[in-house]
Amino acid sequence: MKFTKVQTPRGAKDILPPDGFKKSRLESQAAAYLESWGYARVYTPTFEFYDALVQGNGPEISDRLYRFVDRDGHTLALRPEMTIPIARMAATRYSSEEMPVRLYYVGNVFRYDEPQAGRQREFTQVGVELLGTDHPAADAEVVVVAVNVLRELGLQSFRIDLGHIGYLHSLLHGVGDDELAATLKQALLERDYVKFEGIVHERVADPLKPALLGLPSMRGGVDVIEAARAISAPFDGAAAALDELQRIYEIVEAYGLGEHVAIDLGVIKDFDYYTGLLLEGYTPELGFTLCTGGRYNTLVGRFGEARPAIGFAFGVERAMLALERQGWTIEEERPDLLVYSDDPDALFAAAAQLRSEGLRVELGIDCPDAQAAAARARARGIAKTARAHRSSDGEIRVETESLPERGEG
C-alpha cells in the first residue's frame, strides 16, 4: 500500500466510538475511585522543556523523546510519562507547609518505542503521586490504591509484585565495577536471565555470586525476604531495604490484599529516579506490565526543594486489552430517542425539553418522515423515534413512535 500523509503516524491510532466509550468509561471509573481516597486531579503540559525532562531522568531518556524546536528557539519534548512533570510542578508550585499532597492524573504520554500489541507511541496513563511523606504507610497506601483501582475496573486475575531498588543496588555495588554493574542491570531490564546468569558465573566471585544468581527466582511472600537476608547479609544497605519492604508488605497484607500482592526482588525499572519500593503489575492476559511505579525521594529535589514521593500508573489501553481478553464487554450507550420534525423550531425545542428530563436525544435533522427516522434510528442502534410538531395552540408536542418492522411502509 502506498504511504499517504492522511494515515496516522506509526505508533498512533484513531479510537472510534465503541472503543472510545469503553476508554472513557474506564477513565471515569478510575478517576472516581482515586478521588474517593482524597486524590485531586492535576493537569500538566503535554510538552515540557527538553532539558527539564533530561534533568528528571538523565540523558538515557533522550532517545525515547519526541523533540522539536519552537519559534523562540527552545528545545521542547512531548512528555514520556507523568511523574517527571508532576515532580517539577510539586517543586515549583507547592510549599512544604502544604505537604503531604495527593494528586492523580489521566493523560496521554509519548515514547519513541517500537510499537507492538499493547504498546503504542502515544497512550494514556492513569496514576497517582503521594508527595511529602516517606512513611511506610504511604508506600502501602499507594500499593492498596493500585490493587483496588484495578479491581474497580473489573480486572480479576492480576498480581502486583513489590521489590526494592535499595536491595538491588546493594548487590550491584558489591560488584565493584561500574561497567559490569551496568551490564548486569541492563540484562535484568531486558529480562535476559540467561545472559545475566552467564555474566555472573563468569565475572562475579563469591559471596556475591549466589545473591545475584538468586535474584530472578526471589518471588513469593515474606519467606522470600527471609531467604534474601541469609544470602545478602554482607552487603551494605541490603538489610535496611529488606526491612522496609517487609513492613510495607505486612501493612498491605493486613489490609486483606495478599492474594494480589507478592514479593519479587528482581523487579527493576528503566527510569533512574527510583529510590525505594518498586511495584509492577501483571495479568495472565498480557505478556507485558499492566502498571508500574515506586518511591522516588530525590526526583522532586532535582527541580527545587527535595521532597519524598511515591506513585504508580497504569496504561488505559493495556487495561482495556486485558479486560477484553477476560471476556469483558460493555455496550455503548445509545441515545434514548431520535426526534424528527419538518419544523426546525419544534425539533430543537422538543429535544431540549426531552434532555431536561434526563433523556439522551439525537436530532433527525434530515429525516422528513417516520420511515426515514426509523431507518436512521435502526442504523444508529436507537430504540425509539419521536415526532415533534407544533399544535394548533402553538405548543410543542412530542409523539413517541415504536419502530415499524422492517419492510413496513
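Scroll up a little and you will see the structure.
Quantities reported herein were computed from a predicted structural model and do not represent experimental measurements.

Enquirer: Tell me about the overall build of the chain, and name the residues and values.
Expert: In terms of helices and strands, the chain carries 13 helices and 16 strands. Here the chain has a C-alpha radius of gyration of 27 Å; the compact-globule value for 409 residues is 22 Å, and the former is much larger. With respect to the three principal axes, the spread of C-alpha positions in the chain is 95 × 55 × 55 Å. Counting over 409 residues, the chain shows a buried share of 48%. For the chain, the proportion of contacts with a sequence separation of at least 24, taken over those separated by at least 6, is 68%.

Enquirer: Which residues make up the pattern of salt bridges, and what are the values?
Expert: The full count for this structure, using the stated rule, is 26 salt bridges. R307 serves as the salt-bridge partner of E305, at 3.5 Å between the closest nitrogen and oxygen. We classify E305 as partly exposed; its relative accessible area is 44%. Across the salt bridge formed by R390 and D343, the nearest N and O atoms sit 3.6 Å from each other. Taken together, the residues span a long stretch of sequence, with R390 in strand β15 (residues 384-390) and D343 in the loop between β13 (337-340) and α12 (344-356) at a distance of 47 residues.

Enquirer: I'd love a proper account of the sheet that holds strand β6 (residues 122-131), names of residues and values included.
Expert: Pairing is mixed in the open sheet, where nine strands are placed in the order β1-β5-β6-β12-β11-β10-β7-β9-β8. Strands with a single pairing partner mark the edges of an open sheet, and in this sheet they are β1 (40-41) and β8 (219-220). Helix α3 (residues 83-93) contacts β5 (101-110) and β6 of the sheet and is inclined by roughly 40° relative to β6.

Enquirer: Now, about the side chain of T283: what can you tell me, with residues and values included?
Expert: Mapped onto the fold, T283 is located in the loop between β10 (277-282) and β11 (291-295). Judged by relative accessible area, which is 4%, T283 ranks as buried. A polar contact is formed between the side chain of T283 and the backbone oxygen of S157, at a distance of 2.9 Å. Apart from the residues lying within four places of it in its own chain, the contact partners of T283 are S157, F158, L290, A322 and Q326.

Enquirer: Account for the pairing of β11, naming residues and giving values.
Expert: Counting buried residues in β11 gives four out of five residues, a clear majority hidden from the surface. Pairing geometry for β10 and β11, over four bridges, is antiparallel. Looking across to β11, one finds that L279 is bridged to G293. Two elements, β11 and strand β12 (residues 309-315), share five bridges in a ladder whose sense is antiparallel.

Enquirer: Residue-level account of the sheet that holds strand β3 (residues 67-69), with values.
Expert: Strands sit in the order β2-β4-β3 across an open sheet of three strands; the sheet is antiparallel. Single-partner strands in this sheet number two, and they are β2 (47-49) and β3. Adjacent strand axes in the sheet meet at a mean angle of 35°, parallel and antiparallel pairs treated alike. Note: β3 against strand β4 (residues 75-78), three bridges, orientation antiparallel. Note on β4: the bridge partner recorded for F68 is L76.

Enquirer: Provide a residue-level description of the packing of aromatic side chains, including the pertinent values.
Expert: Scanning the model with the defined rule gives four aromatic pairs in all. Considering the side-chain rings of Y66 and Y112, the 5.2 Å spacing of their centres and the 65° angle between planes classify their relative orientation as edge-to-face. One end of the pair, Y66, is in the loop between α2 (50-57) and β3; the other, Y112, is in the loop between β5 and β6, and 46 residues separate them in sequence. Note on Y66: relative accessible area 26%, which makes it partly exposed.

Cut-offs used in this document
Residues numbered from 1 in each chain as written. Predicted model: local features only at pLDDT ≥ 70, side-chain atom pairs only at ≥ 80, totals over all residues. Heavy atoms only, no water. Helix = DSSP H or I, 4+ residues; strand = E, 2+ residues; numbered from the N terminus. Rg over C-alpha atoms; globule rule 2.2 N^0.38 Å. Buried < 20%, exposed > 50% of the residue type's maximum accessible area, 1.4 Å probe, protein only. Contact = heavy atoms within 4.5 Å. Salt bridge = Lys/Arg side-chain N within 4 Å of Asp/Glu carboxyl O. Pairing = 2+ DSSP bridges. Axes fitted to C-alpha atoms, helices over the stretch in contact; angles between N-to-C directions. Polar contact = N/O pair within 3.5 Å; in protein donor to acceptor, adjacent residues only side chain to side chain. Phe/Tyr/Trp six-rings, centres within 6.5 Å; stacked < 30°, edge-to-face > 60°.

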